[in-house]
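Analysis of the macromolecular model
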Amino acid sequence: MERFYLLVGHVSELELLVPLGVKLVQLRIKDAPEAEIRRQITRARDFCAVHKAQLVVNDYWQAALDLRCDFVHLGQEDMDTADFAALRRAGVRFGLSTHDETELERALSLDPAYVALGPVYPTLLKKMKWGPQGLDRVSDWKKAVGQTPLVAIGGLTPERVPGVLAAGADSVAVVTDIQHAEDPEARTREWIKVCAT
């Protein structure tokens, strides 16, 4: 699994940053009409194909199926309504969010392509009922998931990458550090470089 996992909120961000060398990117659209969601997913799918990057569609598994995307990410609430049999039949891989042992057990029972753990550090992105998980939890999760790739998310910066990888994460997912950067392109290059070492 790619070490650097970029999350963007709009296809325009994806089109700006993927050409810099991003190989794994999640399109995480919030609060948009169905037609706009499908337009962005279609654009992202085609753009990623040209740049040989893996697109992961957040939440909208039905749109991903309809638009022939091959990877989705689902949170715990999305898992309640997702048709995993249909995703498997279509060859769509899925990553799943987890925050506690019960959620991890549920996620592993579905044989995901990866399991995400977060927030590792305090995060500004959204209010969460879980506090920072910390590096010890990353190590515990990696022992529990075995061969399943583990994605760390939440409050990550390039400076924190070596510690997170050393704790057992296979991949580091980034949202805020790049979205809030003065120069998102330069920051993305920095992330790519630190994840390659």
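Our structure's up above, just so we're on the same page.
Residues numbered from 1 in each chain as written. Predicted model: local features only at pLDDT ≥ 70, side-chain atom pairs only at ≥ 80, totals over all residues. Heavy atoms only, no water.

**What about helix H6 (residues 101–109)?**
Heads up, the rule is: Buried, partly exposed and exposed residues are distinguished by accessible area as a fraction of the type maximum, computed with a 1.4 Å probe on protein chains only: under 20%, between the cut-offs, and over 50%, respectively. Helix and strand labels come from DSSP, where a helix needs a run of H or I of at least four residues and a strand needs a run of E of at least two; each type is numbered from the N terminus. The directions from the helix axis to the C-beta atoms are what the arc is built from. By definition in these notes, contact holds between two residues if any of their heavy atoms fall within 4.5 Å. As used in this structure description, the phrase polar contact means that two N or O atoms lie within 3.5 Å; if the pair is within protein, one of them must be able to donate a hydrogen and the other to accept it, and residues adjacent in sequence are counted only when both atoms belong to side chains.
Taken together, the buried positions of H6 are Glu 103, Leu 104 and Ala 107. One face of H6 carries all of its buried residues, which in axial projection span an arc of 100 degrees. Exposed residues pointing more than 90 degrees away from the buried face of H6 are listed as Glu 101, Thr 102, Glu 105 and Ser 109. Check the buried side of H6 and you find it contacts helix H4 (76–81), strand S5 (93–98), strand S6 (114–117) and helix H7 (134–145). Backbone nitrogen of Thr 102 and a side-chain oxygen of the N-cap are separated by 3.2 Å at the start of H6; the cap is Asp 100. In the segment just after H6, Asp 111 is the residue with positive phi, at about 55 degrees.

**Some thoughts on the sheet that holds strand S7 (residues 150–153)**
The cut-off we apply is this: Any two strands with at least two DSSP-identified bridges between them are counted as paired. Fitted lines through C-alpha atoms give the axes, limited to the stretch in contact for helices. The angle between two N-to-C directions lies from 0 to 180 degrees.
Pairing within the closed barrel is parallel, and its eight strands lie in the order S1-S2-S3-S4-S5-S6-S7-S8. Recorded for the sheet is a direction-independent mean angle of 25 degrees between the axes of neighbouring strands. Of the strand pairs in this sheet, strand S1 (residues 4–8) and strand S2 (residues 24–27) are connected by three bridges, and their pairing is parallel. Each residue of the ladder has a partner; that of Leu 6, found in S2, is Val 25. Its contacts with the sheet place H7 against S5, S6 and S7, and it is angled at close to 160 degrees to S6.

By themselves, these figures tell us nothing about what the structure is for.
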